[in-house]
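Here is what each chain is made of, one letter per residue.
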Amino acid sequence: MAYYSRRLFCFLLCNMVALAFIASSHANLSPTFYDKVCPQALPTIKKTVEAAVKKESRMGASLLRLHFHDCFVHGCDASILLDNATGIQTEKTTPPNNNSVRGYGVVDQIKAAVDKVCGGPVVSCADILAVAARDSVVALGGPTWQVQLGRRDSSSAYANETTDLPGPASNLSALITNFNKHGLNVRDLVALSGGHTIGLARCTTFRSHIYNDINIHPSFARNRQAICPQSGGDNNLAPLDHTASLFDTVYFKNLLKRKGLLHSDQELFNGAAGSTTNSLVKTYSSNFGAFASDFANSMIKMGNIRPLTGKQGQVRVNCRKVNS
Ligand code: HEM
Ligand SMILES: *[C@@H]1O[C@H](CO)[C@@H](O)[C@H](O)[C@H]1NC(C)=O
Ligand SMILES: *[C@@H]1O[C@H](CO)[C@@H](O)[C@H](O)[C@H]1NC(C)=O
Ligand SMILES: *[C@@H]1O[C@H](CO)[C@@H](O)[C@H](O)[C@H]1NC(C)=O
Ligand SMILES: *[C@@H]1O[C@H](CO)[C@@H](O)[C@H](O)[C@H]1NC(C)=O
């Protein structure tokens, strides 16, 4: 009896210790990870991102979104960058990403530049995505933060898990549940949704909102309907806010006026008193400092989602392929 209970005790305790170890493994990330092995890595990424954003400001938005779509699918492991191959089903052509996520070519450019300056494949593709997201936000006028580093790249893609990404038709409770599943709270949800202060969206992602929803400003809806017909024009683009190349508070100001482009955006604000998301939207709309600082903190949290570290995974030679 005592033997069995001791075994049971050890079974429970030992597993708890193992779980605690796994759960804390992302604490191995560090902002100084490449300082000794390749001091030029971060400046090189920054230079390449700045050139790409100068050429096309939307690229900053696209690179930010790439990191988000990487982290929400099996963790920040660059699984999103893998192309179809034997045993690999790419995430790129799954519904949330197909004809939507972009910037893969710029990531290849960054990888080539960084591998050249480091003298080999030292910096992981997952870390490149995290740093490029930060440098993009900075290039468009947003806050900076210290990027945690040391993520390694997956040797698999997870096309079967892209359903973990929230969709634009989601209601507030679905958004909160989705972010919670990734270890992110309501404050993270509202702050990170502020990523929609930059970039564009396709008609197919906001059509239902501008034709069917009630929580939308009527003249804004009519204006967007002119870009996005009831049928056809699925790929027509509209800015997520009207200063789509500036990381500012206009996204939140628009939500107060019921001029959010996506249904999921406007879900964060409906004017109800006593709602947490409503009051966060109000705060961020009039306080860039509060938005900037919460956004930076939440980006670090998002970047900590299930990284591969130590000897897990690999540092890919080509971000699109698993090392052979
Ligand atoms: C809260 C849940 C979210 C939903 C439902 C959502 C949905 C979307 C949709 C539907 C688009 C347009 C895609 C297209 O037209 O094909 C988009 C674009 C974008 N999203 Fe989100 N998103 C969410 C959260 C985030 C987060 C957390 C970030 C980053 C912190 C982000 C950054 C962006 C950016 C920058 C774009 C524009 C990309 C470009 O112009 O290339 N989004 N999002
Ligand atoms: C990758 O393969 C899947 C099926 O295995 C297919 O549905 C998809 O269209 C392919 N994508 C590309 C870019 O070839
Ligand atoms: C992705 O989009 C293309 C159109 O560009 C379409 O032909 C293809 O069927 C889509 N792939 C999947 C897997 O839905
Ligand atoms: C998705 O597929 C991978 C193998 O490619 C597997 O390890 C993982 O458990 C699958 N995820 C789900 C949710 O079934
Ligand atoms: C929100 O969406 C979820 C998932 O689609 C659904 O089950 C739920 O009923 C919706 N909640 C409300 C309040 O509409």
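These numbers come from a predicted model, not from an experiment.

1. Some thoughts on the domain arrangement of the protein chain
Interface size is commonly expressed as the accessible area that is lost once the parts come together. Each assigned domain of the protein chain is listed with its residue range as follows: domain 1 (41–165) and domain 2 (172–301). The straight-line distance from the C-alpha centre of domain 1 to that of domain 2 is 23 Å. Contacts between the two partners involve 22 residues from domain 1 and, on the opposite side, 19 residues from domain 2. In this assembly, domain 1 packs against domain 2 so that about 1600 Å² is buried in total across both faces, 70% of it on carbon and sulfur atoms.

2. Brief notes about the layout of surface pockets
By rolling a water-sized probe across the atoms, one finds the places where empty space is left. In this structure, the largest pocket occupies an estimated 910 Å³ of space. Looking at the largest pocket, it is lined by 40 residues, and the ones nearest its centre are Arg-65, Phe-68, His-69, His-196 and Leu-262. Among the elements of the structure, α3 (58–71), α6 (172–181), α7 (186–193), β1 (200–202), α11 (263–266) and α13 (288–303) are those that each provide at least two residues to the lining of the largest pocket. A per-element tally of the lining of the largest pocket places α3 first, with seven residues. Residue assignment places the lining of the largest pocket across two domains, with domain 1 (41–165) and domain 2 (172–301) each supplying three or more.

3. Some words on the site of ligand 2
Neighbouring ligand 2 are Asn-84, Gln-89 and Thr-93. Asn-84 has a polar side-chain atom sitting 2.3 Å from an oxygen atom of ligand 2. In isolation ligand 2 has 360 Å² of accessible area, and contact with the protein removes 35% of it.

4. A word on the UniProt feature "binding site: heme b" (unreviewed entry) in the protein chain
The residues that UniProt annotates with the feature "binding site: heme b" (unreviewed entry) are His-196. When neighbours within four sequence positions are excluded, His-196 is seen to be in contact with Leu-240, Asp-241, Tyr-251, Leu-262 and Asp-265.

5. Here we look at the state of the cysteines
Here, the word disulfide means a covalent bond between the sulfur atoms of two cysteines. Under the definition given, this model contains four disulfides. The partner cysteine of Cys-125 in its disulfide is Cys-319, sulfur to sulfur 2.1 Å. One quick way to see it: the torsion about the S-S bond of Cys-125 and Cys-319 is about -95°, and its sign makes the bridge left-handed. Here Cys-319 lies in the segment after α13 and Cys-125 lies in helix α5 (residues 125–139), a separation of 194 residues in the sequence.

6. A short note on the pattern of salt bridges
In total, this model carries 10 salt bridges according to the counting rule given. One salt bridge in this structure joins Arg-320 and Asp-83, with 3.5 Å as the shortest N-O distance. Separated by 237 residues along the polypeptide, Arg-320 in the segment after α13 and Asp-83 in the loop between α3 and α4 (104–118) bring together distant segments of the chain. You can call Arg-320 partly exposed: its relative accessible area is 26%. Linked by salt bridges that have partners in common, Asp-83, Lys-92, Asp-108 and Arg-320 make up one network.

7. Digging into the coordination of the iron atom of ligand 1
Looking at the protein side alone, the iron atom of ligand 1 has one donor only, His-196 (NE2), at 2.0 Å. For His-196, the position within the fold is in the loop between α7 and β1.

8. Things to note about the packing of α7 against α13
Interaxial distance between α7 and α13 falls to 8 Å at its minimum, and their mutual angle equals 110°. The pairing of α7 with α13 is recorded here as roughly perpendicular in orientation. Counting all contacts with α7, which are made through Arg-187, Asp-188, Ala-191 and Leu-192, the residues of α13 involved are Phe-291, Asp-294, Phe-295, Ser-298, Met-299, Lys-301 and Met-302. Split by residue class, the contact of α7 with α13 holds six nonpolar, one polar and four charged.

9. Concerning helix α2 (residues 41–55)
Compared with the 21 Å implied by 1.5 Å per residue over 15 residues, the 22 Å span of α2 between its first and last C-alpha is a close match. Here α2 has its buried residues at Ala-41, Thr-44, Ile-45, Thr-48, Val-49, Ala-52 and Val-53. Taken end-on, α2 shows its buried residues confined to a sector of 160°, consistent with a single buried face. In α2, those exposed residues whose orientation departs by more than 90 degrees from the buried face are Lys-47 and Lys-54. In this structure, the buried residues of α2 make contact with α3, α4 and α5.

10. Considering the UniProt feature "binding site: Ca(2+) 2" (unreviewed entry) in the protein chain
Per the UniProt entry, the sites bearing "binding site: Ca(2+) 2" (unreviewed entry) are Thr-197, Asp-241 and Asp-248 in this numbering. Over a stretch of 52 residues, the named residues converge on one spot in the fold, their C-alpha atoms separated by at most 9.7 Å. Looking at the element boundaries, Thr-197 is found in the loop between α7 and β1. You can call Thr-197 buried: its relative accessible area is 0%. Not counting residues within four places of it along the chain, the set of residues in contact with Thr-197 comprises Asp-241, Thr-243, Ala-244, Leu-246, Phe-247, Asp-248 and Tyr-251. Judged by relative accessible area, Asp-241 falls into the buried class, the value being 1%. Contacts of Asp-241, omitting those with residues within four sequence positions, involve His-196, Thr-197, Asp-248, Val-250, Tyr-251 and Asn-254. In terms of polar contacts, Asp-241 uses its side chain to reach the backbone amide nitrogen of Thr-243, at 2.7 Å.

Cut-offs applied
- Residues numbered from 1 in each chain as written.
- Chains lettered and ligands numbered in written order.
- Predicted model: local features only at pLDDT ≥ 70, side-chain atom pairs only at ≥ 80, totals over all residues.
- Heavy atoms only, no water.
- Domains from an automatic or database assignment.
- Contact = heavy atoms within 4.5 Å.
- Buried area = accessible area lost by both parts, 1.4 Å probe.
- 1 Å grid on protein atoms, 1.4 Å probe; cavity = no way out; pocket = protein on both sides within 12 Å on 5 of 7 lines; lining within 4 Å.
- Points joined across faces, edges and corners; volume = space filled by probe spheres on them.
- Helix = DSSP H or I, 4+ residues; strand = E, 2+ residues; numbered from the N terminus.
- Near = heavy atom within 4 Å.
- Polar contact = N/O pair within 3.5 Å; in protein donor to acceptor, adjacent residues only side chain to side chain.
- Areas by Shrake-Rupley, 256 points an atom, 1.4 Å probe, with all protein chains shown as cover.
- UniProt positions renumbered as here; feature names shortened; annotations may be inferred.
- Disulfide = S-S within 2.5 Å.
- Salt bridge = Lys/Arg side-chain N within 4 Å of Asp/Glu carboxyl O.
- Buried < 20%, exposed > 50% of the residue type's maximum accessible area, 1.4 Å probe, protein only.
- Donors = N, O, S within 2.8 Å, 3.2 Å for Na, K, Ca; no water.
- Axes fitted to C-alpha atoms, helices over the stretch in contact; angles between N-to-C directions.
- Parallel < 35°, antiparallel > 145°, perpendicular 65-115°, else oblique.
- Nonpolar A, V, L, I, M, F, W, Y, C, P; charged D, E, K, R; others polar.
- Expected span 1.5 Å × (residues − 1).
- Arc of directions from axis to C-beta.

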